[in-house]
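Next come the chains, spelled out residue by residue.
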Amino acid sequence: MPRLVCSSRRRVVVAMLLATPLVASAQTPQRDQRAHARFLALNVAIGATASIARAVVSGAPVRAALAKGLLGGSLMSGGMELIGTESRATRFAGLQLTAIGASVTRNVDAGVPVFSDITLPLYPLYVRVRPLSSTPITARVSVMTAAKLTSVMTAGSRPRIDWKETFATGAPVFASPRWRLPSSTCPLPCEGSFAQHNAGVVIYSASAGTDYDLRRTLAHESVHLAQQTRDALLDAIPASDAAMARFGSGGRLISRFFVLDVLMPLRLIDESEARMRGASRRNSWYETEARAFAPGGELR
Ligand SMILES: [Zn+2]
């Protein structure tokens, strides 16, 4: 009998030990490893496709462009991976590495060194680094981020800027007094999300208490920021420059100071693909990709 008690106790202890990691993993969402591998590959594919498309238009050698695209895509994957560590220390570096990857993908023209023209986001600015040019560092204002900043700062709820998180992220991060924030990924009857990213600006709920992990939540929003940066560098900035050039010297003067970063084709694909599938925003490409790298800090 004592032996039986002892063995049943042992069984209980073993069962508790086995159950502990399960309980822990049920508390915060974990990475889906298959989705993670898929999105690492997708970023390499986006880099390669963008480089080849650019080479075809400009007449640059396609093979060399493919090599640069694969390198740029791998760097974009690496950037999202760094953000996906969910460490505060690597968030900024992850965003910049994603931007370097997208810049490399764009530098496909013949004879153009891989790192000769790099755009780094310090939202609301795009900082352009061209070491071989007479003006090696220039900066332009993102019109979309400036507009979003204006609307956030004049909103009735008056969120306050969190400088510590802003510097750690590379984009303005605001703390909102609201308990939950309106979210398309969490429509009614859901009461909203803990944080949201929009046009290079992140807002989080400062009054949600201890029911979520801010560090992990901001890592998730930073992947959305990296998605926006990828689209801006590959598409929106070149489109803005091309459109402004059509307005002659006046347009070129404006584009020295501003980027009209409205054309985001990857974002459009994300939205229309989800609509065609009849999927909710939560299961869209961007959301699935962001969760694959950084599942977020929701406690369950
Ligand atoms: Zn999200």
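Before any of the text, the structure's been laid out above.
Note that the coordinates shown come from a computational prediction; the quantities given were computed from them, not determined experimentally.

Helices and strands together make up the secondary structure of the protein chain, namely 10 helices and eight strands. When burial is assessed residue by residue, the protein chain has 37% of its 300 residues classed as buried. At a minimum sequence separation of 6, the contacts of the protein chain that also span at least 24 residues come to 62%.

Turning to the environment of F92, a few remarks are in order. Tracing the backbone shows F92 in helix α4 (residues 88-106). Sequence-wise, F92 and A219 are 127 residues apart; in three dimensions their C-alpha atoms are separated by 10.0 Å. Setting aside anything within four residues of it in sequence, one finds F92 in contact with A168, T169 and G170.

All right, on to unusual backbone geometry then. Of the consecutive residues Y123 and P124, the connecting peptide bond is found in the cis state with omega at 15 degrees. You will see that E86, though not glycine, has its phi angle at about 65 degrees, which is positive. Looking at the secondary structure, you find E86 in the loop between α3 (62-84) and α4. Among the residues examined, E86 registers 23 C-beta atoms within 10 Å and is labelled buried. Positive phi, normally seen in glycine, also occurs at A199, with a value near 50 degrees. Residue placement: A199 occurs in the loop between β6 (195-198) and β7 (201-205).

Direction vectors running N to C along helix α2 (residues 33-58) and α4 enclose 30 degrees, while the axes themselves pass 8 Å from each other. With respect to their mutual orientation, α2 and α4 come out roughly parallel. Contact residues: G47, A50, S51 and R54 in α2; G101, T105 and R106 in α4. When its residues are assigned to classes, the contact of α2 with α4 shows one nonpolar, four polar and two charged.

In space, the four strands of this open sheet follow the order β4-β5-β7-β6, with mixed pairing throughout. Edge positions in the open sheet fall to β4 (160-161) and β6, since each of these has one partner strand only. Pairing analysis gives four bridges linking strand β5 (residues 173-176) to β7, with the strands arranged parallel. Bridging from a neighbouring strand, S176 pairs with S205 of β7. Helix-sheet contacts for helix α5 (residues 143-153) involve β5, β6 and β7, and the interaxial angle to β7 is about 30 degrees.

Within β7, five of the five residues are buried, leaving the element largely enclosed by the surrounding structure. Both faces of β7 are covered, namely the face carrying V201, I203 and S205 and the face carrying V202 and Y204. Bridge analysis of β6 against β7 gives four bridges, and the strand direction is antiparallel. Residue pairing for β7: Q196 is matched across the bridge by I203. Counting the residues between successive antiparallel strands, the hairpin from β6 to β7 contains two residues, one of them, A199, with a positive phi of roughly 50 degrees.

Calculation rules
- Residues numbered from 1 in each chain as written.
- Predicted model: local features only at pLDDT ≥ 70, side-chain atom pairs only at ≥ 80, totals over all residues.
- Helix = DSSP H or I, 4+ residues; strand = E, 2+ residues; numbered from the N terminus.
- Buried ≥ 20, exposed ≤ 12 C-beta atoms within 10 Å, placed from the backbone.
- Contact = placed C-beta atoms within 7 Å.
- Axes fitted to C-alpha atoms, helices over the stretch in contact; angles between N-to-C directions.
- Parallel < 35°, antiparallel > 145°, perpendicular 65-115°, else oblique.
- Nonpolar A, V, L, I, M, F, W, Y, C, P; charged D, E, K, R; others polar.
- Pairing = 2+ DSSP bridges.

Don't take any of this as a statement about function, it's just geometry.
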